[in-house]
Amino acid sequence: MTVLEIILYYLMTMNLMGFLFMGADKWKAKKRAWRIPEATLLLIAALGGAAGALIGMHLFRHKTRHWYFLYGIPAMLAVHILIALLIWKGPVQFILL
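Residues numbered from 1 in each chain as written. Predicted model: local features only at pLDDT ≥ 70, side-chain atom pairs only at ≥ 80, totals over all residues. Heavy atoms only, no water.

**Remarks on the overall build of the protein**
Part 1: Within the protein, the regular secondary structure consists of four helices and zero strands.
Part 2: Listing the helices and strands of the protein from first to last along the sequence gives α-α-α-α.
Part 3: Along the longest, intermediate and shortest principal axes, the C-alpha atoms of the protein span 50 × 25 × 20 Å.
Part 4: Within the protein, buried positions represent 26% of all 97 residues.
Part 5: Partitioning the contacts of the protein with sequence separation of at least 6, the portion at a separation of at least 24 is 69%. (Helix = DSSP H or I, 4+ residues; strand = E, 2+ residues; numbered from the N terminus. Buried < 20%, exposed > 50% of the residue type's maximum accessible area, 1.4 Å probe, protein only. Contact = heavy atoms within 4.5 Å.)

Next up, the structure:
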């Protein structure tokens with residue numbers, strides 16, 4: 001397995017978590033139950049789940065009025081895309097033995 005494959009699996013997992021956590025927090029908000037802390041949602045997005053969190057935000061209409069979600073998560077996604085492009089097109093190849 002190459003490092004690139006490991007990174008892709010990691011990003012898929014984090015984006016799924018970001019999406020599911022947004023949905024779960026919206027569901028909990030409707031039920032007036034214990035909520036997922038905003039710091040947790042932002043941390044998942046920052047650690048690679050920004051695309052999933054952004055899709056979840058808009059699909060579930062959740063956290064779209066908070067400026068730090070409205071602008072922060074797309075900014076995180078832009079950074080993640082930039083890092084992915086640098087890894088993909090960069091001069092160094094990563095191979096896990």
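So, next bit.
**Concerning unusual backbone geometry**
Part 1: Backbone geometry places Arg32, a non-glycine residue, at a positive phi of 55°.
Part 2: Structurally, the position occupied by Arg32 is in the loop between α1 (3–31) and α2 (38–60).
Part 3: The backbone of Arg61 sits at a positive phi, close to 50°, despite the residue not being glycine.
Part 4: Tracing the chain through its elements places Arg61 in the loop between α2 and α3 (67–70).

**Topic: the nonpolar core**
Part 1: With 10 residues, the main nonpolar core is built from Met22, Ile36, Leu41, Ala45, Ala50, Ala53, Met57, Phe69, Ile73 and Met76.
Part 2: For this core, the secondary structure elements donating two or more residues are α2 and α4 (72–89).
Part 3: Leave out the neighbours within four places in its chain, and Ala53 touches Gly18, Phe19, Met22, Ala45 and Ile73. (Core = buried A, V, L, I, M, F, W, Y, C linked by side-chain atoms within 4.5 Å.)

**Focus on the layout of surface pockets**
Part 1: Approximately 170 Å³ is the volume found for the largest pocket.
Part 2: As for the largest pocket, its lining consists of Leu4, Ile7, Leu8, Leu11, His80, Ile83, Ala84 and Ile87.
Part 3: Those elements that place two or more of their residues in the lining of the largest pocket are α1 and α4.
Part 4: Per-class residue counts for the lining of the largest pocket are seven nonpolar, one polar and no charged. (1 Å grid on protein atoms, 1.4 Å probe; cavity = no way out; pocket = protein on both sides within 12 Å on 5 of 7 lines; lining within 4 Å. Points joined across faces, edges and corners; volume = space filled by probe spheres on them. Nonpolar A, V, L, I, M, F, W, Y, C, P; charged D, E, K, R; others polar.)

**Side note on α2**
An α-helical segment advances 3.6 residues per turn. Residues three or four places apart therefore align on the same side.
Part 1: Between its terminal C-alpha atoms α2 stretches only 16 Å, short of the 33 Å expected from 23 residues at 1.5 Å a residue.
Part 2: On the buried face of α2, the contacting elements are α1, α3 and α4.
Part 3: Immediately downstream of α2, the backbone of Arg61 shows phi near 50°, a positive value. (Expected span 1.5 Å × (residues − 1).)

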